[in-house]
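# Observations on the model geometry
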Amino acid sequence: EDKVVQSPLSLVVHEGDTVTLNCSYEVTNFRSLLWYKQEKKAPTFLFMLTSSGIEKKSGRLSSILDKKELFSILNITATQTGDSAVYLCVREDSNYQLIWGAGTKLIIKP
Amino acid sequence: DAGVIQSPRHEVTEMGQEVTLRCKPISGHDYLFWYRQTMMRGLELLIYFNNNVPIDDSGMPEDRFSAKMPNASFSTLKIQPSEPRDSAVYFCASSLHSAKNIQYFGAGTRLSVL
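Described in the following lines is the structure provided in the data block. In this text, all values refer to a predicted model and were calculated from it rather than measured experimentally.

## A closer look at the interface of chain B and chain A
The partner chain A presents 14 residues to the 14 residues of chain B that form the contact. Taken together, the two surfaces of chain B and chain A that pack against each other cover about 1,200 Å², and 57% of this comes from carbon and sulfur. Per-residue buried area on chain B facing chain A is highest for Leu 43, Asn 101 and Ile 102 of chain B; these three make up 40% of the total on that side. One can count 8 residue pairs in polar contact (both at pLDDT 80 or more) joining chain B with chain A. Counting only elements with at least two residues in the side of chain B that touches chain A, the list comes to strand S4 (31-38), strand S5 (42-50) and strand S10 (99-105) of chain B. Among the elements that line the side of chain B that touches chain A, the one with the most residues is S10 of chain B, at 5 residues. Tallied by class, the residues present in the side of chain B that touches chain A amount to 7 nonpolar, 4 polar and 3 charged.

## Examining the sheet that holds strand S1 (residues 4-7) of chain A
All names here are of chain A. The sheet built from 5 strands is open, its strands ordered S1-S3-S8-S7-S6 with antiparallel pairing. Each edge of the open sheet is held by one strand with a lone partner, namely S1 and strand S6 (56-58). Strand-to-strand, the axes of this sheet are offset by a mean angle of 15°, without reference to chain direction. Here 6 bridges tie strand S7 (residues 61-66) to strand S8 (residues 71-76), and the two strands are oriented antiparallel to one another. The residue bridging Ser 63 from the neighbouring strand is Leu 74, located in S8.

## Brief notes about unusual backbone geometry
Cis geometry marks the peptide bond from Ser 7 of chain A to Pro 8 of chain A; its omega dihedral reads -10°. Within the secondary structure, Pro 8 of chain A sits in the loop between S1 and strand S2 (10-14). Backbone torsion omega between Gln 80 of chain B and Pro 81 of chain B reads -5°, so that peptide bond is classified as cis. With respect to the helices, strands and loops of the structure, Pro 81 of chain B is situated in the loop between strand S8 (74-79) and strand S9 (88-96). The phi angle at Asn 51 of chain B is positive, at roughly 50°, despite the residue not being glycine. Checked against the element boundaries, Asn 51 of chain B lands in the loop between S5 and strand S6 (53-56). The partly exposed category is assigned to Asn 51 of chain B, whose relative accessible area is 48%. A positive phi angle is found at Asn 52 of chain B, which is not glycine, with a value near 75°. Along the chain, the position of Asn 52 of chain B falls in the loop between S5 and S6.

How each quantity is defined
- Residues numbered from 1 in each chain as written.
- Chains lettered and ligands numbered in written order.
- Predicted model: local features only at pLDDT ≥ 70, side-chain atom pairs only at ≥ 80, totals over all residues.
- Heavy atoms only, no water.
- Contact = heavy atoms within 4.5 Å.
- Buried area = accessible area lost by both parts, 1.4 Å probe.
- Polar contact = N/O pair within 3.5 Å; in protein donor to acceptor, adjacent residues only side chain to side chain.
- Helix = DSSP H or I, 4+ residues; strand = E, 2+ residues; numbered from the N terminus.
- Nonpolar A, V, L, I, M, F, W, Y, C, P; charged D, E, K, R; others polar.
- Pairing = 2+ DSSP bridges.
- Axes fitted to C-alpha atoms, helices over the stretch in contact; angles between N-to-C directions.
- Buried < 20%, exposed > 50% of the residue type's maximum accessible area, 1.4 Å probe, protein only.

Encoded structure:
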């Protein structure tokens, strides 16, 4: 089945902690994998990954893809309360279709 | 650019009424997407357009839902008749032809059908 599975479903940590969010997918029909952040309103784009082993980085956030093992991780270091959000993983297949994961709800406590 | 603009932001209606949601994509974007988001089902793609032409409407739940894009700067999603199970947040998003997967979302319309 063509699914994108994210884990954990929710996570509560304290400010300053480092978190790792996981995303796995089940088919090799693949063009790209994307991460979005959704705060109270609409999802906003974070990263697009197309090649294995190449880390994408933006400030305290980074992400990497493993196309052999069919997963990606999103790391956030030195978390801040503003990082509290739902993080969505999306797989784009070779037909340009997007398959969205259910998201990981991250709560950062001060 | 003002981004993707959706209206209304909130809509409360009674079962059986017609609901029309509106979207103005980012100028110059070729793709427009309509999504529905609920706690139970997450984010679901309903339909998307390329250059105003509907490409894939397989996500439209049933005939009560219809979407149009009469021009490059405007799209509507209509539900007629509405039912309580249609209650959700409806997002519109747009993207460029060169980067279809990098989508810019509007703020959404929160629909409550009583």
